[in-house]
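Coordinate inspection notes
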Amino acid sequence: GLVDAAFVFDPKQNFGWLFGGQAWHDLSGTLWRYSANQTEPVWGAVSAGPGPKPRARAAFARDGVSKRTFLWGGQGYYETYGDLWRLDDDVGGAPKWTLLKPSGSGPPPAHAAVGWWEPKAKRFIVGLGETYYDLVDGFWAYDPAANAWAKVVAAVPSIQPRRGAMLAWDQVSQAAWLAGGATWYDLLNDLHRLTWKGGKLTSEKVSVAFGA
């Protein structure tokens, strides 16, 4: 039983990865493979060599084309992380963690951030979340080809800083949908559609009509 674990699912490969999370007062550093196939166990713990320290509320996203999964940030026992890891895997092969050391100015160490793989830009984008003293404002993009971080140029309107927002990638519309989260004093219920256009992250606030 875990809360605040990081999970990604690859619909083409029909399996997913789960890492970290928290069980009562203990943090997990275990990597699990989830299989939706009927020919193998649904869950299995996987050894991928030396990897991230145990943590909760990390950002996790997968590039299904390169079969690489990226993990950033999260909260440890007495610290907030800002490290970036890559999980390489191949069907039938042994997965392996690699600690990346990108150039450029990356995001501040944070947890409860959002993260997704942007296929048009071919970048791992992270943003928002919480440091120990502040809420994070803005987004950053990691470019695997250059092994570098860069602050994302965001089109208006900007998104209010928050922690614990929900985010889902829509393959059909090629957009990330961000909803809710919390500030220091309020719970949010707004909805935003994030798309990559011309090297910028476009944010569109979406109004939702509720029927009877």
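One can find the structure itself at the top, above this paragraph.
One numbering rule holds for all chains: residues counted from 1, following each sequence as written. This being a predicted model, a pLDDT of at least 70 is required before a residue's local features are given, and a value of 80 or more before pairs of side-chain atoms are given or counted; all residues contribute to the totals for chains, interfaces and linings. Heavy atoms from the whole structure form the basis of all side-chain values; hydrogens and water molecules are not counted.

Turning our eyes to something else, we now look at the layout of surface pockets. Definitions used throughout: a 1 Å grid over protein atoms alone; a cavity as a set of points that fits a 1.4 Å probe which cannot get out; a pocket as an open set with protein on both sides within 12 Å along at least five of seven lines; a lining residue as one with an atom within 4 Å of a point. Grid points are joined across faces, edges and corners, and a volume is the space filled by probe spheres set on the points. As a volume, the largest pocket reaches approximately 980 Å³. Sorting the residues of the lining of the largest pocket by element identifies β1 (6-10), β7 (59-63), β11 (114-118) and β16 (166-170) as the ones contributing at least two each. Here the lining of the largest pocket is composed, by residue class, of 22 nonpolar, four polar and six charged. Strands are runs of DSSP state E lasting at least two residues, helices are runs of H or I lasting at least four, and both sets are numbered from the N terminus onward. Under the grouping applied here, Gly and all other residues not named as nonpolar or charged are polar, the nonpolar ones being Ala, Val, Leu, Ile, Met, Phe, Trp, Tyr, Cys and Pro and the charged ones Asp, Glu, Lys and Arg.

In this analysis, strands are considered paired if DSSP registers two or more bridges between them. Across the sheet, which stays open at both edges, the four strands sit in the order β1-β2-β5-β6 with antiparallel pairing between neighbours. Of all the strands in the sheet, just β1 and β6 (43-46) have a single pairing partner and so form its edges. Sheet twist, expressed as the mean angle between neighbouring strand axes with direction ignored, is 20°. As a rule, the C-alpha atoms of each element are fitted with a line to give its axis, helices using only the stretch in contact, and angles between N-to-C directions run from 0 to 180 degrees.

To continue, consider a nonpolar patch on the surface. Side chains of Phe 7, Phe 9, Trp 32, Val 42 and Trp 43 sit close together on the surface and give an oily, nonpolar patch of about 460 Å² of accessible area. By the element assignment, Phe 7 lies in strand β1. Judged by relative accessible area, Phe 7 falls into the partly exposed class, the value being 39%. The patches described consist of residues with a relative accessible area above 30% and no salt bridge, like charges being joined within 9 Å and nonpolar side chains (Val, Leu, Ile, Met, Phe, Trp, Tyr) within 5 Å. Surface exposure here means Shrake-Rupley accessible area, sampled with a 1.4 Å probe, where a residue is shielded only by the protein chains that are shown. Criterion for a salt bridge: a side-chain nitrogen of Lys or Arg within 4 Å of a carboxyl oxygen of Asp or Glu. Partly exposed describes any residue whose relative accessible area lies between the buried limit of under 20% and the exposed limit of over 50%, with all areas from a 1.4 Å probe on protein chains only and scaled to the type maximum.

Let's shift gears to unusual backbone geometry. Positive phi, close to 60°, is recorded for Asp 4, a residue that is not glycine. Despite not being glycine, Asn 14 has its phi angle at roughly 65°, a positive value. Along the chain, Asn 14 falls in the loop between β1 and β2 (15-19).

Another point: the sheet that holds β7. An order of β7-β8-β9-β10 is seen for the four strands of this open sheet, with the pairing classed as antiparallel. Each edge of the open sheet carries a strand with a single partner, namely β7 and β10 (96-100). The average undirected angle you get between the axes of adjacent strands in this sheet is 25°. Judged from the five bridges that link them, strand β9 (residues 80-88) and β10 form a sheet pairing that is antiparallel. Bridging from a neighbouring strand, Arg 86 pairs with Thr 98 of β10.

Another aspect to go through is the pattern of salt bridges. A full pass over the atoms with the stated rule returns ten salt bridges. The salt bridge involving Arg 86 is made with Asp 88; its shortest N-O contact spans 2.9 Å. The two residues Arg 86 and Asp 88 agree in class, both being buried.

Now for the side chain of Ser 35. Examined against the element boundaries, Ser 35 turns out to sit in strand β5 (residues 31-35). Given a relative accessible area of 2%, Ser 35 falls into the buried group. Counting of polar contacts relies on pairs of N or O atoms within 3.5 Å, with two restrictions inside protein: one atom must be capable of donating a hydrogen and the other of accepting it, and residues adjacent in sequence are counted only when both atoms are side-chain atoms. At 3.2 Å, the side chain of Ser 35 and the backbone nitrogen of Asn 37 are in polar contact. Residue contacts are defined here by distance: any two heavy atoms, one from each residue, within 4.5 Å place the two residues in contact. In this structure, Ser 35 is in contact with Asn 14, Phe 15, Glu 40, Pro 41 and Val 42, ignoring residues within four places of it in sequence.

Right, let's talk about the packing of aromatic side chains for a bit. Pairs were defined over the aromatic rings of Phe, Tyr and Trp, the Trp ring being its six-membered one, requiring ring centres within 6.5 Å. Orientation was assigned from the angle between planes: stacked under 30 degrees, edge-to-face over 60, tilted for the rest. This structure, assessed with the given rule, holds twelve aromatic pairs. Centre to centre, the rings of Phe 19 and Trp 97 are 5.5 Å apart; their planes meet at 70°, and the pair counts as edge-to-face. One end of the pair, Phe 19, is in strand β2; the other, Trp 97, is in strand β10, with 78 residues separating them in the sequence. Here Phe 19 falls in the buried class, since its relative accessible area comes to 1%. On the basis of relative accessible area, Trp 97 is assigned to the buried category, the value being 7%. With centroids separated by 5.1 Å and ring planes inclined at 50°, the aromatic side chains of Tyr 34 and Trp 43 adopt a geometry described as tilted. The exposure class assigned to Tyr 34 is partly exposed, which follows from its relative accessible area of 24%. For Trp 43, a relative accessible area of 42% translates into the label partly exposed. Site record: aromatic cluster; members linked through ring pairs are Phe 70, Trp 117, Phe 124, Tyr 142 and Trp 149. In this structure, Arg 55 packs its charged tip against the face of Tyr 81, placed 4.1 Å from the ring centre. The ring of Trp 140 carries Lys 151 above its face, with NZ or CZ at 4.8 Å from the centroid. In this analysis the charged atom, NZ for Lys or CZ for Arg, is taken to sit over a ring once it is within 6 Å of the ring centre and within 35 degrees of the ring normal.

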